[in-house]
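Breakdown of the fold
Residues per chain, in single letters:
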Amino acid sequence: MSTLLQINSSVFSDNGNSSTLSNEFVKSWLAKHPDGKVVVRDLAKNPIPHLDSNTVQAFFTPAESRTIEQQTIVNLSDTLIAELVNADAVVIGVPLYNFGVPSTLKAYFDQLARAGVTFKYTETGPVGLLADKPVHFIAARGGFHQGKASDSQTSFLSSFFNFLGINSINYIYAEGLSINDAKDKSLTDARREIEQAAAA
Ligand SMILES: Cc1cc2nc3c(=O)[nH]c(=O)nc-3n(C[C@H](O)[C@H](O)[C@H](O)COP(=O)(O)O)c2cc1C
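Being a predicted model, the structure only gives us computed values, none of them experimental. (Residues numbered from 1 in each chain as written. Predicted model: local features only at pLDDT ≥ 70, side-chain atom pairs only at ≥ 80, totals over all residues. Heavy atoms only, no water.)

**Overview of the layout of surface pockets**
Heads up, the condition is: Using a grid of 1 Å spacing that covers the protein atoms alone, one calls a set of points a cavity when a 1.4 Å probe fits there but cannot get out, and a pocket when the set is open and has protein on both sides within 12 Å along at least five of seven lines; lining residues are those with an atom within 4 Å of a point. Grid points are joined across faces, edges and corners, and a volume is the space filled by probe spheres set on the points. Put simply, DSSP marks the helices as runs of H or I at least four residues long and the strands as runs of E at least two long, and each gets a number from the N terminus on. Throughout, the ten residues Ala, Val, Leu, Ile, Met, Phe, Trp, Tyr, Cys and Pro are labelled nonpolar, Asp, Glu, Lys and Arg are labelled charged, and all others, Gly among them, are labelled polar.
Counted as a void, the largest pocket has a volume near 210 Å³. Along the walls of the largest pocket sit L51, V56, F59, F60, R66, D110, A113, R114, A115, V117, F119 and Y121, which together make up its complete lining. Among the secondary structure elements, those contributing two or more residues to the lining of the largest pocket are α2 (53-60) and β4 (119-122). Of the residues belonging to the lining of the largest pocket, the class tally is nine nonpolar, no polar and three charged. Each pocket or cavity is described by its volume, and for the second largest pocket that value is around 160 Å³.

**Section: the environment of T67**
Convention followed: For every residue, the accessible area obtained with a 1.4 Å probe (protein chains only) is divided by the maximum for its type, and the residue is called buried under 20%, exposed over 50%, and partly exposed between those limits. Whenever two N or O atoms come within 3.5 Å, that pair is a polar contact, provided that in protein one can donate a hydrogen and the other can accept it, and provided that, for residues adjacent in sequence, both atoms are side-chain atoms.
Note on placement: T67 falls in the loop between α2 and α3 (68-86). Exposure remark for T67: the relative accessible area of 38% places this residue in the partly exposed category. A distance of 3.0 Å separates a polar side-chain atom of T67 from the backbone nitrogen of Q70.

**Here's the deal with the packing of aromatic side chains**
Two aromatic rings are characterised by how far apart their centres lie and by the angle between their planes. Counted only if it meets this: Aromatic contacts are taken between Phe, Tyr and Trp rings whose centres are within 6.5 Å, Trp giving its six-membered ring; a plane angle under 30 degrees counts as stacked, one over 60 as edge-to-face, and the others as tilted.
Throughout the structure, instances matching the rule amount to 11 aromatic pairs. Centre to centre, the rings of F119 and Y121 are 5.3 Å apart; their planes meet at 85°, and the pair counts as edge-to-face. The exposure class assigned to F119 is buried, which follows from its relative accessible area of 6%. Centroid distance F137 to Y171: 5.3 Å. Interplanar angle 20°. Geometry classified as stacked. One end of the pair, F137, is in strand β6 (residues 135-140); the other, Y171, is in strand β7 (residues 169-174), with 34 residues separating them in the sequence. Taken as a pair, F137 and Y171 share a single burial class, namely buried. Within the aromatic cluster, the residues linked to one another by ring pairs are Y108, F109, F137, F156, F160, F161, Y171 and Y173.

**What to know about the pattern of salt bridges**
For the record, the criterion: By definition, a salt bridge exists where a carboxyl oxygen of Asp or Glu is found within 4 Å of a side-chain nitrogen of Lys or Arg.
Under the defined criterion, the tally for this structure stands at 10 salt bridges. K106 is paired through a salt bridge with D110; the nearest N and O atoms lie 2.8 Å apart. Taken together, the residues K106 and D110, both in helix α4 (residues 103-112) and four residues apart, mark about one turn of the helix. Residue D110 is classed as buried on the basis of its relative accessible area of 18%. One salt-bridge network, in which partners are shared between bridges, spans D14, D42 and K45.

**Here's the deal with the nonpolar core**
Generally speaking, a soluble globular protein has its nonpolar side chains buried in company with each other. Quick reminder of the rule: Throughout this description, the term nonpolar core refers to a set of buried Ala, Val, Leu, Ile, Met, Phe, Trp, Tyr and Cys residues connected via side-chain atoms within 4.5 Å. Note on contacts: a residue pair qualifies if any of its non-hydrogen atoms lie within 4.5 Å across the two residues.
Within the largest apolar cluster, 28 residues are counted, with the highest numbers of intra-cluster contacts made by I92, L105, Y108, F109, L112, F137 and F161. Within the residue set of this core, elements represented by two or more residues are β1 (3-8), α3, β3 (89-95), α4, β6, α5 (152-164) and β7. Considering each element in turn, this core owes the most residues, five residues, to α4. The residues contacting F109, other than those within four sequence positions of it, are F156, L157, F160 and F161. Counting 17 residues, the second largest nonpolar core, distinct from the first, contains A89, V91, A140 and A198.

**Quick look at the site of the ligand**
Stated precisely, the cut-off is as follows: Nearness is defined per residue: one heavy atom within 4 Å of the molecule or strand is enough. In short, Shrake-Rupley with a 1.4 Å probe defines the accessible areas, and a residue's cover is counted only from the protein chains shown.
The immediate surroundings of the ligand are formed by 16 residues, with S10, S18, L96, Y97 and H145 found nearest. A distance of 2.7 Å separates an oxygen atom of the ligand from a polar backbone atom of L96. A distance of 3.1 Å is found between an oxygen atom of the ligand and a backbone nitrogen or oxygen belonging to G142. When the ligand is considered free in solution it has 620 Å² of accessible area, and contact with the protein chains removes 75% of it.

**Description of unusual backbone geometry**
Residues apart from glycine generally show negative phi values, whereas peptide bonds are mostly found in trans. One non-glycine residue with positive phi stands out, namely S13, at about 50°. Inspection of the secondary structure assignment puts S13 in the loop between β1 and α1 (17-32). Judged by its relative accessible area of 13%, S13 is buried.

Keep in mind these numbers describe shape, not what the thing actually does.
Here it is in C-alpha cells:
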C-alpha cells in the first residue's frame, strides 16, 4: 500500500488556492492508488509550535538524558519525521505570503531538521539521512515570480529538502491569482500539471 503525505499551509485552510489544488492532487493520486493511504496535516487547523530555546535544547540533548518535558517536545518532532519517512510521496500546498513561505510551514520544517536523525555532519559537509521520494510543491501566488529574484520560495524549499536527502522535487505553480485576467488560465494549467504529476 502506498502512502501520500499531504501538508496544507494556507491560512484559509481548505478554502485557500494552494489547499484546493493540493486537495485535487490527492483526489487524482487516490484515483491512481485506490488502496492508498493519505496522511493529512493542515497547519492552519493544527499549527506546529514555533522553534524556541526549549525545543532546540531538547533536540540537542541525547535521548537518555532528556527530561520528561524535553521528551514530550521531541515526540512531536519524531512524529512529524516518521510521517515524512513513511510516506512514498508528498504534496505540499505553499502559498506565497509577504515574499516568503507561511510561518506555519517554516515552523513545520524546523521540526524536521534534526542533526543525527534527518541529517548528519561529515568531514565533507552535511549529508541528508532521508530516502529520496517525490515531493510535489503546489505554489499559489498572487503575482508572477517564477524565475525572478522575488521568488524566495523555490530555492529555499529545494535547499531544505536536498539538505535532508530528498532530491526528487517537482514544482507546480499557480501564479497571477490576484490578477483577474490571469487567474483562470493559471488554475487550468496548474490542474493539468497536477493530474499528470499525481498519476505518474
Ligand atoms: C497575507 C498575504 C500576503 C501575500 N503576499 C503575497 C506576496 O508577497 N506576493 C504575491 O505574489 N502574492 C501574495 N499574496 C497573494 C497570495 O499568494 C495568493 O492569494 C495565494 O492564493 C495564496 O495562497 P492560498 O490561497 O492558498 O492561501 C498574499 C496574500 C496574503 C493573504
